[in-house]
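Structural characterization, general
These are the residues of each chain, in order.
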Amino acid sequence: MIIMKDLKYLLAYSIPLSAVLALQWQGWWSWATVVLAFGVFPLLDAMIPASTANYTESEEKSRLFNRFFDILLYLCAPICFILVYFYFQTILKGGLAKHEWLGLTFSTGVVLGALGINVAHELGHRTNKWEQFLAKAGLLPVLYQHFFIEHNRGHHKHVSTDQDPATAKKNEWVYSFFFRSIIGQYISAWNLENKRLTKNSLPIFSWDNEMIRFSVYQTLYLAAIIVFFGWTLVPYALAIALIGVLLLETINYIEHYGLRRKILPSGRPERVLPKHSWNSDHEMGRIVLFELTRHSDHHYLASRKYQILRHMDESPQLPTGYPGSMLMALVPPLWFYVMNKRLEDQSLQLEIA
């Protein structure tokens, strides 16, 4: 049963809708998605009070088995592919001013990050093969399918340790983090898949290797673009993929910045707890990113679906929602000024506890 307050998640579709309007109206409207995501949403997060309320056990059970929440996710990969098709068609027609094709490229890239990668992240934690297929499909236009392997088997195991390339260190600039995280995650995905195949006595250089399959799928994707749209569209395909990936990596940066798990006498890190992820209860970021911002509970129990993620009192809190925090991260001195104080306060609280 769908109740009115559940319909709020339909606002997530305002992101691809704004991109459709950008492709249709062009001009300065070409930047509509960027303005919405990093202008309107941060303002709304600042104006609307954050909510720490959690659902009751009976409400959780009801929401957990409500297919409405799953269908919202299932539509995202198809929407991304349709949008990319119309983006290519628009670019191919030509006649666009520089600010138009640039705006359309950024707008499309933002959709691929917010609706493509983000939803692929959620579905990638599911055990259902159909949902996993949609997760991999959502990662195809950003050429980042290895994320399916590394995030689930690498990041969630090593988060907030030096072994995790997707955990930002204190005083690390987001721009240097991009290189370390992107390269490190790709290498990690190959290593994880090689270990899996070796453990199961399967050949590394075979179709059993999912990294090889991903490489083939992504090559065929680019080949299809060449066949249907021509070589000139390949740089645009790479550009929207890069924008989507940088959106993801900026989120990675803010989610665990400076947080570290203690190393136990055994030499292994302590269990992943809510204190090892920055959390945000700001409403707009929560809604349009399908509760990704309640990240502390997600890492505490990765199998929890987005619609039942909880506020955790012990989790460190970001000063604003994800869109605003991402903008802040792009100005490192400002980010360090705000976050290092919070990081010190968090460390002091842990010492007292």
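Only a predicted model underlies this, so the values are computations on that prediction, with no experimental measurement involved. (Residues numbered from 1 in each chain as written. Predicted model: local features only at pLDDT ≥ 70, side-chain atom pairs only at ≥ 80, totals over all residues. Heavy atoms only, no water.)

1. Some words on the overall build of the chain
Test applied: Here a strand is any run of E in DSSP of at least two residues, a helix any run of H or I of at least four, and the numbering for each starts at the N terminus. Throughout, the radius of gyration refers to the C-alpha atoms, and the reference size of a globule is 2.2 Å times the residue count to the power 0.38. Only protein chains enter the accessibility calculation, which uses a 1.4 Å probe. A residue is then buried if its area is under 20% of the maximum for its type, exposed if over 50%, and partly exposed in between. Accessibility throughout is a Shrake-Rupley quantity obtained with a 1.4 Å probe, and a residue counts as covered only by protein chains that appear here. Residues scored as positive are Lys and Arg, those scored as negative are Asp and Glu, and His as well as the terminal groups of each chain are ignored. For charged residues, the charge sits on one atom: NZ in Lys, CZ in Arg, CG in Asp, CD in Glu.
Summing up its helical and strand segments, the chain has 15 helices and zero strands in all. Taking 353 residues into account, the globule formula puts the C-alpha radius of gyration at 20 Å, and the chain, at 20 Å, falls close to it. Looking at the chain residue by residue over its 353 residues, the buried ones come to 55%. Just so you have it, the chain exposes about 16,400 Å², and 67% of that area is on carbon and sulfur atoms. Put simply, the chain has 32 plus and 28 minus side-chain charges, and the middle of one group is 4 Å from the middle of the other.

2. Focus: the UniProt feature "transmembrane region" (unreviewed entry) in the chain
Condition: UniProt positions are given in the numbering used here, feature names are shortened, and annotations may be inferred rather than shown by experiment.
Sites flagged by UniProt as "transmembrane region" (unreviewed entry) map to residues 7-25, 31-50, 71-89, 101-120 and 220-248. A helix fraction of 95% and a strand fraction of 0% characterise residues 71-89, whose end C-alpha atoms lie 28 Å from each other.

3. Remarks on the packing of aromatic side chains
This is how the line gets drawn: Paired rings are identified among Phe, Tyr and Trp, the last through its six-membered ring, by centres lying within 6.5 Å, and are further divided according to the angle between planes into stacked (under 30 degrees), edge-to-face (over 60) and tilted (the rest). Two conditions define a charge located above a ring, namely a distance within 6 Å from the ring centre to NZ of Lys or CZ of Arg, and an angle within 35 degrees of the ring normal.
One pass over the structure, following the stated rule, counts 24 aromatic pairs. A network of ring pairs unites the aromatic residues Tyr 85, Phe 86, Tyr 87, Phe 88, Trp 101, Phe 229 and Tyr 236 as a single cluster. Above the ring of Phe 148, the side-chain terminus of Lys 136 is found at 4.7 Å from the ring centroid.

4. What about the nonpolar core?
Convention followed: The definition of a nonpolar core used throughout is a set of buried Ala, Val, Leu, Ile, Met, Phe, Trp, Tyr and Cys residues joined through side-chain atoms within 4.5 Å. Any two residues having at least one pair of non-hydrogen atoms within 4.5 Å are treated as being in contact.
In terms of nonpolar packing, the biggest core is built from 86 residues, with Phe 88, Tyr 253, Ile 254, Tyr 257, Phe 290 and Trp 335 touching the most fellow members. Among the elements that make up this core, the one with the highest residue count is helix α6 (residues 98-124) (10 residues). Filtering out sequence-adjacent residues up to four positions away, Trp 335 remains in contact with Tyr 253, Ile 254, Tyr 257, Leu 318, Ser 325, Met 328, Ala 329 and Asn 340.

5. Focus on the pattern of salt bridges
What counts here: Whenever a carboxyl oxygen of Asp or Glu lies within 4 Å of a side-chain nitrogen of Lys or Arg, that contact is scored as a salt bridge.
The final tally for this structure, using the stated rule, is 20 salt bridges. Glu 193 is the partner of Arg 153 in a salt bridge, and the nearest nitrogen-oxygen pair spans 3.1 Å. Of this pair, Arg 153 sits in helix α8 (residues 147-158) while Glu 193 sits in helix α9 (residues 174-199), placing them 40 residues apart in sequence. Since its relative accessible area comes to 0%, Glu 193 is described here as buried. Residues joined by salt bridges that share partners form a network here, namely Arg 67, Asp 70, Glu 122, Arg 126, Glu 131 and Lys 305.

6. A closer look at the UniProt feature "domain: Fatty acid desaturase" (unreviewed entry) in the chain
With numbering aligned to this structure, UniProt lists the feature "domain: Fatty acid desaturase" (unreviewed entry) at residues 101-313. A helix fraction of 60% and a strand fraction of 0% characterise residues 101-313, whose end C-alpha atoms lie 45 Å from each other.

7. A closer look at the environment of Arg 268
Mapped onto the fold, Arg 268 is located in the loop between α11 (234-256) and α12 (283-288). Arg 268 sits 193 residues away from Leu 75 along the chain, and the two C-alpha atoms are 40 Å apart. Not counting the four nearest positions on each side in its chain, Arg 268 is found in contact with Lys 262 and Ile 263.

8. Describing helix α4 (residues 67-74)
Condition: We define a polar contact as two N or O atoms separated by no more than 3.5 Å, with the added condition that, inside protein, one atom must be a possible hydrogen donor and the other a possible acceptor, whereas residues neighbouring each other in sequence contribute only through side-chain atom pairs.
Taken across its eight residues, α4 has six buried, putting it largely inside the fold. Of all the residues in α4, the buried ones are Phe 68, Phe 69, Asp 70, Leu 72, Leu 73 and Tyr 74. Turning to α4, the residues buried within the fold contact α3 (57-64), α5 (76-93), α6 and α7 (129-139). Between a side-chain oxygen at the N-terminus of α4 and the backbone nitrogen of Phe 68 the separation is 3.0 Å; the capping residue is Asn 66.

9. Re a nonpolar patch on the surface
Spelled out, the test is: Every patch collects residues that have over 30% relative accessible area and no salt bridge, joining them within 9 Å if they carry like charges and within 5 Å if they are nonpolar side chains (Val, Leu, Ile, Met, Phe, Trp, Tyr).
Nonpolar side chains collect at one region of the surface, where Trp 173, Tyr 175, Leu 327, Leu 330, Val 331, Leu 334 and Tyr 337 lie side by side and expose about 700 Å² of accessible area between them. The exposure class of Trp 173 is partly exposed, given its relative accessible area of 44%.

10. Here we look at the environment of Glu 249
Locating Glu 249 in the fold gives a position in helix α11. Looking at Glu 249, the relative accessible area reads 0%, which means it is buried. Along the primary structure Glu 249 and Leu 334 are separated by 85 residues, whereas in three dimensions their C-alpha atoms are 18 Å apart. Within the local environment of Glu 249, its side chain forms a polar contact with the side chain of Tyr 144, the two groups lying 2.7 Å apart.

11. Side note on the environment of Asn 128
Among the structural elements, Asn 128 can be located in the loop between α6 and α7. According to the relative accessible area criterion, Asn 128 is partly exposed, its value standing at 37%. Sequence separation between Asn 128 and Pro 319 is 191 residues; the distance between their C-alpha atoms is 36 Å. A polar contact is formed between the side chain of Asn 128 and the backbone nitrogen of Glu 131, at a distance of 3.1 Å.

12. Some words on the packing of α4 against α5
To keep things clear, this is the line we draw: Axis angles are defined between N-to-C directions and span 0 to 180 degrees, where every axis is a line fitted to C-alpha atoms and, for a helix, only to the segment in contact. By definition in this entry, angles of less than 35 degrees are roughly parallel, angles greater than 145 are roughly antiparallel, angles of 65 to 115 are roughly perpendicular, and the rest are oblique. Put simply, Ala, Val, Leu, Ile, Met, Phe, Trp, Tyr, Cys and Pro go in the nonpolar bin, Asp, Glu, Lys and Arg in the charged bin, and everything else, Gly too, in the polar bin.
For the pair α4 and α5, the least separation of the axes is 5 Å and the interaxial angle reads 25°. With respect to α5, the element α4 is oriented roughly parallel. Two secondary-structure elements touch here, α4 through Leu 72, Leu 73 and Tyr 74 and α5 through Cys 76, Ala 77 and Pro 78. Taken together, the residues of the contact of α4 with α5 break down into six nonpolar, no polar and no charged.

13. Side note on unusual backbone geometry
In this structure, Leu 143 takes a positive phi of about 55° despite not being glycine. By the element assignment, Leu 143 lies in the loop between α7 and α8.

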